[in-house]
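Examining the three-dimensional arrangement
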Amino acid sequence: MADDKSKKLSRWYFGGLGSAGAACCTHPLDLLKVHLQTQQEGKVSVSRLAMKIVREQGVFSLYTGISASLCRQLSYSTVRFGIYEVGKQSLSTPGENIPFYKTVLLASAAGAAGGFVGTPADMINVRMQNDVKLPLESRRNYKHAFDGFVRVWREEGFTRLFSGASTATMRAVLMTVGQLSFYDQVKQLLLSTGYFGDDSTTHFLSSLTAGAVATTLTQPLDVLKTRAMNAKPGEFSGTLDLVKYTAKLGPMGFFKGYIPAFVRLAPQTILTFVFLEQLRLNFGYHKTPAIKV
């Protein structure tokens, strides 16, 4: 029965639901990461920054922008997981392992599509999170994600919603390769040893490894994406100008917020895949063999 259950396939939208559930748990860490990445000068520890925000704004300020975060996961993650799962299932039969290079190519295409589609929600998410640390007169004060979409469209133009789309798309490619391809590869390796089964232990170890790989691959682009989305219109002439501005801080300037990024992404990746696997095992489906006429 357990073996039969492990052969169940994931539905295309399970990844988006799993990511949204994980975002509810890790949003405060994501907010701290954005604050650290948008600092140009000074160095504040994660704990000190968290205490400062709670002391000045209250505990619930750590969940500023949660509506945009959920909107982002339900667009960005649903698209990338959906394309990856559908593609993976069409390239193999249940129980068959796909070569690593194929999963990398598939994850790259899925990540590019998801990154572009999720850019508007990602930008509103960054702005709502960064509002907490701005002076009262400089805050945008979006009521929720949809209010942010409407106001950006009216005040800055429709194309502004896709500000930072190039870096967001590149980051999404690396993120999806790091998370999905490496998750499947590590899971396959663990299952092939005979010491692991399709259970929570395997899902945890695979997702922890995937989270570490994804953080390392994406951090420089994540810093650039965050700065681009939080910038005022005309502040940077292009991606190269943004790179030069960030480079003034030295090589480590591209890895600002790495520790909170990993601390956020590791549990976010673990929870996403744990939720996804539980949805698959309990609500997934068996692939019906094609009937030959």
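Residues numbered from 1 in each chain as written. Predicted model: local features only at pLDDT ≥ 70, side-chain atom pairs only at ≥ 80, totals over all residues. Heavy atoms only, no water.

The chain is annotated in an unreviewed UniProt entry as Mitochondrial dicarboxylate carrier of Sipha flava. According to its UniProt record, the chain has this under Sequence similarities (unreviewed entry): "Belongs to the mitochondrial carrier (TC 2.A.29) family." Listed under Subcellular location (unreviewed entry) in UniProt, the entry text for the chain is "Membrane". (UniProt positions renumbered as here; feature names shortened; annotations may be inferred.)

1. What to know about the overall build of the chain
Along its length, the chain carries 11 helices and zero strands. Overall size of the chain, expressed as C-alpha extent along the three principal axes, is 70 × 40 × 35 Å. Taking all 293 residues of the chain together, the buried fraction comes to 49%. Pairs at least 24 apart in sequence give 81% of the contacts found in the chain among residues at least 6 apart. If you sum the accessible surface of the chain, you get close to 14200 Å²; carbon and sulfur atoms cover 66% of it. Across the chain, the 33 positively charged side chains and the 20 negatively charged ones have centroids separated by 2 Å. (Helix = DSSP H or I, 4+ residues; strand = E, 2+ residues; numbered from the N terminus. Buried < 20%, exposed > 50% of the residue type's maximum accessible area, 1.4 Å probe, protein only. Contact = heavy atoms within 4.5 Å. Areas by Shrake-Rupley, 256 points an atom, 1.4 Å probe, with all protein chains shown as cover. Lys, Arg positive; Asp, Glu negative; His and termini not counted. Charge placed at Lys NZ, Arg CZ, Asp CG, Glu CD.)

2. Focus: the pattern of salt bridges
Applying the stated criterion to the full structure yields 11 salt bridges. A salt bridge links Asp198 to Lys187; its shortest N-O distance comes to 3.6 Å. Taken together, the residues span a long stretch of sequence, with Asp198 in the loop between helix H8 (165–192) and helix H9 (200–230) and Lys187 in helix H8 at a distance of 11 residues. Looking at Asp198, the relative accessible area reads 21%, which means it is partly exposed. With a shortest N-O distance of 2.7 Å, Arg280 and Glu277 are connected by a salt bridge. Of this pair, Arg280 and Glu277 both sit in helix H11 (residues 258–283), three residues apart, which is roughly one turn of the helix. (Salt bridge = Lys/Arg side-chain N within 4 Å of Asp/Glu carboxyl O.)

3. With respect to the packing of aromatic side chains
One pass over the structure, following the stated rule, counts 10 aromatic pairs. With 5.0 Å between their ring centres and 25° between their planes, Phe116 and Phe162 make a pair best called stacked. Placement of the pair is Phe116 in helix H5 (residues 100–117) and Phe162 in the loop between helix H7 (145–156) and H8, with a sequence separation of 46 residues. Accessibility expressed as a relative area gives 45% for Phe116, which makes it partly exposed. For Phe162, a relative accessible area of 24% corresponds to the partly exposed category. Centroid distance Trp153 to Phe158: 4.9 Å. Interplanar angle 55°. Geometry classified as tilted. Residue classification places Phe158 among the partly exposed positions, given a relative accessible area of 42%. Aromatic rings pair up to connect Phe116, Trp153, Phe158 and Phe162 into one cluster. (Phe/Tyr/Trp six-rings, centres within 6.5 Å; stacked < 30°, edge-to-face > 60°.)

4. Here's the deal with the UniProt feature "repeat: Solcar" (unreviewed entry) in the chain
UniProt records the feature "repeat: Solcar" (unreviewed entry) at residues 10–90, 102–189 and 198–282, using the numbering of this structure. Spanning residues 102–189, this segment combines 74% helix with 0% strand, and its end C-alpha atoms are found 16 Å apart. Regarding residues 198–282, the helix share stands at 76% and the strand share at 0%, and the terminal C-alpha atoms are separated by 13 Å.

5. Notes on unusual backbone geometry
Positive phi values are uncommon outside glycine, yet Asn141 reaches one of about 55°. Here Asn141 lies in the loop between helix H6 (119–130) and H7.

6. Digging into the side chain of Thr78
Tracing the backbone through its elements, the reader meets Thr78 in helix H4 (residues 66–91). Judged by its relative accessible area of 14%, Thr78 falls in the buried class. Ignoring anything within four residues of it in the chain, the contact list for Thr78 reads Trp12, Gly16 and Gln73.

7. With respect to the side chain of Asp184
With respect to the helices and strands, Asp184 occurs in helix H8. A polar side-chain atom of Asp184 sits 2.6 Å from a polar atom in the side chain of Tyr84. Reaching out from Asp184, the side chain makes a polar contact with the side chain of Lys88 at a distance of 3.1 Å. (Polar contact = N/O pair within 3.5 Å; in protein donor to acceptor, adjacent residues only side chain to side chain.)

8. Section: the environment of Phe275
Tracing the backbone shows Phe275 in helix H11. Here Phe275 falls in the partly exposed class, since its relative accessible area comes to 31%. Along the chain, Phe275 and Cys24 lie 251 residues apart, while their C-alpha atoms are 12 Å from each other. Not counting the four nearest positions on each side in its chain, Phe275 is found in contact with Gly18, Gly21 and Ala22.

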